[in-house]
Amino acid sequence: MNSLSPVWQAWIGAAIFAADVVASLHVVLRKRDSRAATAWVGVIWLVPGIGVLLYAFFGVNRIRRRGTELQRARAIRALEAAAGALDPEVAPVRPRLTGLARVAERVSGRPLLAGNAMEPLLDGDAAYPAMLAAMERAQHSISLCSYLFAGDAAGRQFVAALSRAVTRGVDVRVLIDDVGVRYDFPPVHWALRRAGVPVALFLPIISRTGLAFFNLRTHRKVLVIDGSVAFAGGMNLQARNIHAMRPRHAVRDVHFRIAGPVVTQLQVAFAEDWAFATRELLEGPRWFPPVAHAGTIAARAITGGPDLDFEVMRSVLLAAISSARESVRIVTPYFLPDAPTIAALSTAALRGVRVDIVLPEHGNVALAQWASRATLWQVLRPGCHVHLTPRPFDHSKLFVIDRSWALVGTTNWDSRSLRLNFELDVEAYDEAFAGVIDDLARDRIARSREFTLADADGRPFVSRVRDGFARLLSP
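These figures come from a predicted structure and were not determined experimentally. (Residues numbered from 1 in each chain as written. Predicted model: local features only at pLDDT ≥ 70, side-chain atom pairs only at ≥ 80, totals over all residues. Heavy atoms only, no water.)

Turning to the overall build of the chain, a few remarks are in order. A tally of helices and strands in the chain yields 17 helices and 18 strands. Burial statistics for the chain: of 475 residues in total, 55% are counted as buried. When contacts within the chain are restricted to residue pairs at least 6 apart in sequence, long-range pairs at least 24 apart make up 80% of them. (Helix = DSSP H or I, 4+ residues; strand = E, 2+ residues; numbered from the N terminus. Buried < 20%, exposed > 50% of the residue type's maximum accessible area, 1.4 Å probe, protein only. Contact = heavy atoms within 4.5 Å.)

Next up, the structure:
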């Protein structure tokens, strides 16, 4: 085959150069994180042409969900009228936490609601039976969203329960992430469709326009029954969470049974995602009935994502850390904080706050764990404490300050959760509930080994180099 003529080579080179320039300008004008911008510009110019394609696939946020703003505003007005939104100044919140409550309200756009109950359910052994029993009692509607929904023994129980609900005349909607559903084959949505269950996939990897969405995944896990009872937290639907089954790669996790007005906020979050994925609006009393008070917890659902809720959770985390006076306890499977978060944790430790960070000793994503190890010295040096839990892998996401405020849900302490994924958490202002979450964290600490600054500095040279290069990929 004859090689390209010099003229064609010149035209192709000029086209690639022009594409690199346009992509670089897009990075400079759109990327808020200077580290990410620098990394992408480097990729674009170091790998001409291919770098532009990588940026188009992985670096461009093409998500726009502004059509759901009206639905959210309408639902929030209904919540305020029916449930009685709390003014942070008069809410049952410690005075020094009113600033945190105000930050969360302003960035989330959702009011703090009184009268909620929240019960932790440990692992799939406790969570799945409670969820399945609630689904069997459903009379009007079931909405279910998950990142992972396996087609294994656990997943088949949920498929069967959803199918029975449809047969009873219950309105059912199931939303699964298009990446998460592909962890198993055959994917579970095939079984759901055969069973007559309405199911949709969030952000197909290849859209109708041919553009790929490898990032921007929905990481949310929420089940709402009849618009009045919800189950939310960080737990996926898979047999690995059921320890009684003795799975080969068991996973620890915590889910929560939630009742009270905040359930409507969780339903609103699902309805927004469902409308985005299918263009169907979920409205009416079958989905949004009046919800009575069920407890004493003041709570608020907080959504994070790369579009309307960009960096909402980051603002809440920073506000919470700065509000702490006695203790900060974090349980997370992935810990890759950015510079402001590291500074906030370090400052809290220097102020005399006890900061405990609980991580798995053996992670399930090697690259993320290596990068995390390269970061830990930055929080250890100012006096934070890092604890490594033994197997099984702990996927729990818990955050509590001063045994007075707690945050539970899906958000990890890394850029993927805080900038790229769609996340869903619930904050709770209640000393009794926060004490329960604090005890869960302390129980993990009691079974952990502390990772010290000497441990970080004493890693073999090869490991430190490996971890350092992994950290460079964080942006």
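A few words on a nonpolar patch on the surface. Residues Val7, Trp8, Trp11, Ile12 and Ile16 make up a contiguous nonpolar surface patch of roughly 560 Å² in combined accessible area. Looking at the element boundaries, Ile16 is found in helix α1 (residues 6-30). (Patch = residues over 30% accessible without salt bridge, like charges linked within 9 Å, V, L, I, M, F, W, Y side chains within 5 Å. Areas by Shrake-Rupley, 256 points an atom, 1.4 Å probe, with all protein chains shown as cover. Salt bridge = Lys/Arg side-chain N within 4 Å of Asp/Glu carboxyl O.)

Most of strand β17 (residues 423-429) is tucked away: seven of the seven residues are buried. Across the two faces of β17 the burial is the same, with Glu423, Asp425, Glu427 and Tyr429 and Leu424, Val426 and Ala428 all buried. Bridge count for strand β10 (residues 297-304) against β17 is seven bridges, and the pairing is antiparallel. Paired with Arg300 across the strands is Glu427, a residue of β17. (Pairing = 2+ DSSP bridges.)

Further remarks concern the packing of helix α6 (residues 123-137) against helix α7 (residues 153-167). Between α6 and α7, whose axes approach to 9 Å, the crossing angle comes to 15°. As summarised for this structure, α6 and α7 are arranged roughly parallel, according to the angle between their axes. In this structure, α6 crosses over α7, and the sense of that crossing is left-handed. Counted together, Tyr128, Met131, Leu132, Met135 and Glu136 of α6 and Ala154, Gln157, Phe158, Ala161, Leu162 and Arg164 of α7 form the full contact between these two elements. Counted by class, the contact of α6 with α7 contains eight nonpolar, one polar and two charged residues. (Axes fitted to C-alpha atoms, helices over the stretch in contact; angles between N-to-C directions. Parallel < 35°, antiparallel > 145°, perpendicular 65-115°, else oblique. Left-handed = near helix turned anticlockwise from the far one by under 90°. Nonpolar A, V, L, I, M, F, W, Y, C, P; charged D, E, K, R; others polar.)

Here we take up α7. With 15 residues, α7 ought to run about 21 Å at 1.5 Å a step, and its terminal C-alpha atoms sit 21 Å apart, in line with that. Among all positions of α7, only Ala154, Gly155, Phe158, Val159, Ala161, Leu162, Ser163 and Ala165 are buried. Of the surrounding secondary structure, the elements contacted by the buried residues of α7 are α6, β3 (141-146), β4 (171-177) and α8 (188-194). Two to three positions downstream of the cap, the backbone nitrogen of Ala154 sits 3.2 Å from a side-chain oxygen, assigning the N-cap of α7 to Asp152. Immediately beyond the C-terminal end of α7, within one or two residues, lies Gly169, with a positive phi of roughly 95°. (Expected span 1.5 Å × (residues − 1). Polar contact = N/O pair within 3.5 Å; in protein donor to acceptor, adjacent residues only side chain to side chain.)

To continue, consider the side chain of Asp402. Of note, Asp402 is situated in the loop between β15 (398-401) and β16 (405-409). Relative accessible area serves as the criterion here: at 2%, Asp402 is assigned to the buried category. Looking at Asp402, its side chain comes within polar contact range of the side chain of Arg96, at 2.6 Å. A distance of 2.8 Å separates a polar atom in the side chain of Asp402 from the backbone nitrogen of Ser327. Those residues within four positions of Asp402 in sequence are excluded, and the remaining contacts are Arg94, Arg96, Ser323, Ala324, Arg325, Glu326 and Ser327.

Across the interface, helix α5 (residues 98-108) lies against helix α10 (residues 312-323) with an axial gap of 9 Å and an inter-helix angle of 175°. Classified by the interaxial angle, the pair formed by α5 and α10 is roughly antiparallel. Residues Leu100, Val103, Ala104, Val107 and Ser108 of α5 form the contact with α10, whose own contacting residues are Val312, Ser315, Val316, Ala319, Ala320 and Ser323.

This part covers the packing of aromatic side chains. Summed over the entire model, instances satisfying the criterion amount to 11 aromatic pairs. Ring geometry for Tyr128 against Phe158: centres 5.5 Å apart, planes inclined by 85°, an arrangement best described as edge-to-face. One end of the pair, Tyr128, is in helix α6; the other, Phe158, is in helix α7, and 30 residues separate them in sequence. Judged on exposure class, the residue Tyr128 and its partner Phe158 are both buried. Measuring from ring centre to ring centre gives 6.0 Å for Phe256 and Phe433, while their planes differ by 65°; the resulting arrangement is edge-to-face. Taken together, the residues span a long stretch of sequence, with Phe256 in strand β9 (residues 254-259) and Phe433 in helix α15 (residues 431-446) at a distance of 177 residues. Here the basic side chain of Arg373 rests over the ring of Phe451, its NZ or CZ set 5.6 Å away from the ring centre. (Phe/Tyr/Trp six-rings, centres within 6.5 Å; stacked < 30°, edge-to-face > 60°. Lys NZ or Arg CZ within 6 Å of the ring centre and 35° of its normal.)

With that settled, consider helix α11 (residues 339-350). The end-to-end C-alpha distance of α11 is 16 Å, a good match for the 16 Å that 12 residues give at a rise of 1.5 Å each. Along α11, the residues that are buried comprise Thr341, Ile342, Ala344, Leu345, Ser346, Ala348 and Ala349.

Let's shift gears to the pattern of salt bridges. One pass over the structure, following the stated rule, counts 22 salt bridges. A salt bridge links Asp178 to Arg182; the shortest N-O distance between them is 3.1 Å. Exposure remark for Asp178: the relative accessible area of 1% places this residue in the buried category. The residue Arg403 makes a salt bridge to Asp438 at a minimum N-O spacing of 2.8 Å. Linking Arg403 in the loop between β15 and β16 with Asp438 in helix α15, this pair joins segments that are 35 residues apart in sequence. Here Arg403 falls in the partly exposed class, since its relative accessible area comes to 34%. Judged by relative accessible area, which is 0%, Asp438 ranks as buried. Here the salt bridges share partners, and the residues they tie into one network are Arg329, Arg354, Asp356, Arg403, Asp438 and Asp439.

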